[in-house]
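# Structural overview for review
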Amino acid sequence: MEAVLAHLRAAIERGEYAVGDKLPSEAELCRTLEISRPVLREALRALQTMGLTVSKTGKGTFVVASAVEDPTFGDYAASDLIEVRRHVEIPVAGYAALRRTPENLDHLAHLLDRMERETDTTAWVAMDTLFHLAVAEAAQNPVFRRVIEEIRDALARQSAFLNELGGRREQSNREHRAIVEALIDGSETDAVDAMSHHLDRVETTLTHIVRPARTDQHKEGGTEA
């Protein structure tokens with residue numbers, strides 16, 4: 001899927017498919033690229049998440065941008081999502097370290113163990129959102145949990161995107177483990193640091209996925225990125 005996505009993305013960035021153009025049909029792309037339809041559809045979904053295309057039911061997929069600017073996850077842009085997560089989840093981790101109950105810790109440890117054993121990306125992504133909800137619950141403030149519930153779909157979409165294109169799962173498991181260990185220790189400082197590091201890595205991976213298009217644009221303009 002990554003290879004198909006890279007091929008289609010490069011074709012759009014080179015102008016082979018200009019803004020407003022309709023991509024070839026799924027059948028034609030599958031035949032030309034010699035790939036299965038499920039693989040193609042994953043790549044097309046990623047293109048749409050990146051903001052390069054839009055799919056119109058019954059009409060096909062159309063190019064709407066020539067470069068990746070800010071991926072969208074559900075109703076929220078990636079930049080908006082990470083900004084809110086920093087202002088909510090980092091202090092939440094600190095509160096959770098001070099207020100967590102034995103039941104909270106058992107639930108988080110059980111989730112983490114399952115995530116570290118899980119090999120199916122879809123199942124792992126579902127548990128990833130549950131993990132962040134569980135940290136919010138450990139803060140013992142229902143408003144925090146409600147905020148995470150509101151962005152839960154976006155978190156799942158972002159998690160799936162990062163796992164497909166950034167290979168984030170194992171690294172994320174290690175970051176989650178550090179968060180849980182800080183909560184077990186009851187260390188507000190360590191919990192805040194661990195969650196901050198986790199969100200830093202999320203943002204870095206997103207930037208890495210987006211950067212090739214921006215770098216190319218800068219070079220064409222005669223400046224270095």
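One can find the structure itself at the top, above this paragraph.
So, here's what we can say about the structure. Remember, it's a predicted structure, so these values are computed and weren't measured experimentally.

## Regarding the overall build of the chain
- Helix and strand counts for the chain stand at 10 helices and 4 strands.
- In sequence order, the secondary structure elements of the chain are arranged as α-α-α-β-β-β-β-α-α-α-α-α-α-α.
- Structurally, the chain occupies a C-alpha span of about 55 × 40 × 25 Å along its principal axes.
- Split into buried and exposed, the 225 residues of the chain put 40% on the buried side.
- Of all intrachain contacts in the chain linking residues separated by at least 6 positions in sequence, the fraction that spans at least 24 positions is 71%.
- Looking at the chain as shown, the accessible area adds up to about 11,700 Å², and 48% of this sits on carbon and sulfur atoms.

## Some words on the pattern of salt bridges
- One pass over the full model with this rule turns up 14 salt bridges.
- Here E13 and R9 are joined by a salt bridge, their closest N and O atoms 2.8 Å apart. In this pair, E13 and R9 are both assigned in helix α1 (residues 2-13), 4 residues apart and thus about one turn of the helix distant.
- E13 gets classed as partly exposed once you look at its relative accessible area, which sits at 23%.
- Look at the salt bridges and you will find they share partners, linking E137, R145, E149 and R152 into a network.

## Some words on helix α3 (residues 37-49)
- The end-to-end C-alpha distance of α3 is 18 Å, a good match for the 18 Å that 13 residues give at a rise of 1.5 Å each.
- Three or more residues of α3 are buried, namely L40, A43, L44, A46, L47 and T49.
- On its buried side, α3 packs onto α1, α2 (26-33), β1 (53-56), β2 (60-63), β3 (72-73) and α8 (152-166).
- Positive backbone phi, approximately 85°, marks G51, located one or two places after α3.

## Observations regarding the pairing of β2
- As defined by bridge partners, β1 adjoins β2 across 4 bridges and the pair is classed as antiparallel. Counterpart to V54 in the pairing with β2 is F62.
- What sits between β1 and β2 in their antiparallel hairpin is a turn of 3 residues, with G58 showing a positive phi close to 80°.

## Comments concerning the packing of helix α4 (residues 78-99) against helix α6 (residues 121-138)
- Contact geometry of α4 with α6 gives a least axis separation of 7 Å together with a crossing angle of 55°. By the angle between their axes, α4 is oblique relative to α6. Our pair here, α4 against α6, has a crossing hand that is left-handed. Contacts between α4 and α6 involve R85, E89, V92, A93, A96 and R99 from the first element and H132, V135, A136 and A138 from the second.
- In terms of residue class, the contact of α4 with α6 is made up of 6 nonpolar, 1 polar and 3 charged.

## As for helix α5 (residues 102-117)
- The terminal C-alpha atoms of α5 lie 23 Å apart, and with 16 residues this matches the ideal 22 Å at 1.5 Å per residue to within 8%.
- Buried residues along α5 sit against α6 and α9 (169-185).

Rules used throughout
- Residues numbered from 1 in each chain as written.
- Predicted model: local features only at pLDDT ≥ 70, side-chain atom pairs only at ≥ 80, totals over all residues.
- Heavy atoms only, no water.
- Helix = DSSP H or I, 4+ residues; strand = E, 2+ residues; numbered from the N terminus.
- Buried < 20%, exposed > 50% of the residue type's maximum accessible area, 1.4 Å probe, protein only.
- Contact = heavy atoms within 4.5 Å.
- Areas by Shrake-Rupley, 256 points an atom, 1.4 Å probe, with all protein chains shown as cover.
- Salt bridge = Lys/Arg side-chain N within 4 Å of Asp/Glu carboxyl O.
- Expected span 1.5 Å × (residues − 1).
- Pairing = 2+ DSSP bridges.
- Axes fitted to C-alpha atoms, helices over the stretch in contact; angles between N-to-C directions.
- Parallel < 35°, antiparallel > 145°, perpendicular 65-115°, else oblique.
- Left-handed = near helix turned anticlockwise from the far one by under 90°.
- Nonpolar A, V, L, I, M, F, W, Y, C, P; charged D, E, K, R; others polar.

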